[in-house]
Each structure stands twice: as C-alpha cells, then as structure tokens.
Amino acid sequence: MLLLVAGLFLRSFAATVGVNPGLNVENLLTVAIHLPPEKYHDGVSISSFYKRLLEQANVLPGVKATGLVSQLPVTPGENPSENPDNPVTAGDRPIPPLTQWPMANYRYASAGYFRAAGIPFKAGQTFTERIGETREVIISENLAQRLWPNQSALGHQLRPFGNPRLQTVVGVVGAVHADSLIQEASMKIGRASCRGRV
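Residues numbered from 1 in each chain as written. Predicted model: local features only at pLDDT ≥ 70, side-chain atom pairs only at ≥ 80, totals over all residues. Heavy atoms only, no water.

*Asks:* Please explain the overall build of the chain as it appears in this structure.
*Replies:* From N to C terminus, the chain includes four helices and seven strands. In sequence order, the secondary structure elements of the chain are arranged as α-α-β-β-α-β-β-α-β-β-β. Taking all 198 residues of the chain together, 38% fall into the buried category. Taking contacts inside the chain between residues at least 6 apart in sequence as the whole, the part at least 24 apart equals 71%. Just so you have it, the chain exposes about 11800 Å², and 58% of that area is on carbon and sulfur atoms. (Helix = DSSP H or I, 4+ residues; strand = E, 2+ residues; numbered from the N terminus. Buried < 20%, exposed > 50% of the residue type's maximum accessible area, 1.4 Å probe, protein only. Contact = heavy atoms within 4.5 Å. Areas by Shrake-Rupley, 256 points an atom, 1.4 Å probe, with all protein chains shown as cover.)

*Asks:* Mind showing me how you'd approach the packing of aromatic side chains here?
*Replies:* Any pair of aromatic rings gets described here by the distance separating the centres and the angle formed by the planes. Within the structure shown, the criterion is met by five aromatic pairs. Centre to centre, the rings of Y40 and F49 are 5.3 Å apart; their planes meet at 65°, and the pair counts as edge-to-face. Here Y40 matches F49 in class, with each residue buried. Ring geometry for F49 versus Y50: centroids 5.2 Å apart, planes at 75°, classification edge-to-face. Like Y50, F49 is buried. Members of the aromatic cluster, connected to one another through ring pairs, are Y40, F49 and Y50. (Phe/Tyr/Trp six-rings, centres within 6.5 Å; stacked < 30°, edge-to-face > 60°.)

See the structure below:
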C-alpha cells in the first residue's frame, strides 16, 4: 500500500513539473488578513481598511505592486461559498439550456491584483478604481474562448446564473490554476472588490 501511495505521489509530482500555474510566484509575498467583525462590520469600513492598506504598502521600499484577492490561486478554498463555481453564459446571445453553461470560478480582486500576481493581460484592462458594486469583470482567456470563440470578449456581456444583472467584460487574462496544478486551469471571473488577501 505504501508503495502505491508513493508511486501515485511521484506521478502527481511529475505531472506538475513544467506546468505553468498562470502567475509569477518569484518575489511574491502573500498575507491572509481576517478583520475582526465587531470593528469591521460593513462594506464601507472593510473597503476603507483595505484601501488604506494598499496605499501604505505601495510606498514601502522594494514594493513594485500590490493587490487583493478573495482566494489565492493554486490553493484549495477555506470556504467554498466565498468563491463558488457558478454557471455563466454569454449575455448577448439567446440563453442556452443550463447544461450547456460553462462553470466559472468567481474571485473578488482589486485593480492591482493581476499585476501584483504576475497574471498577464491578454486583452483589455483592469477594473475602474472605485468603491462600491461594479458590473465590470475580468475573465480568463479559456472562458473567453469558450463563450466567444474566434473573437474578442471585450465589451461583451456575461450572464451569471441566477443574477438578472449582466456584467461587462473589460479585460481578459491568462488562465490560472485554481486549486491544484494537476487539474486543468479553471475558467475564472474576477470582480472588483477592495476585500481579500494581500
């Protein structure tokens, strides 16, 4: 039994060698922050805290970029409800049967997150800097190719299942592995937020 487990581990390790995780981890520092709910109990106080944190971190010597994300790539989620996989489809076409909607993982991210994590933009730009809800999204290139093959996804509308509000694609980034390097890079959607991990 031990040999079988060791063999499976080695095969999994061999499969990950040479796999591009979709981000640059060199000289990257990550920190998980959990704010006390008695002090930070609403969106305004939470967003203000993270905005100040990013402003202060950006002026530290040696810091080239900072960003926030609700869950780091290549890590299993602590709370699946924070970053669920949801069915999505193109909002500018007739609605297909639900079985044909691809599953995409939502992550909340700040405007600077993609640069800080070394996730390359393939098209478009990052979010508009503002506090509050936005309908701008940045999607992974594999989701863009799935929903709008052979054309640019920029400016197209994304329809999340169960949400009547369409979201506008403002950027397309390289595909990133979500939970593991041995799984296929997941289809991702980034939404603007000033909350998450630094």
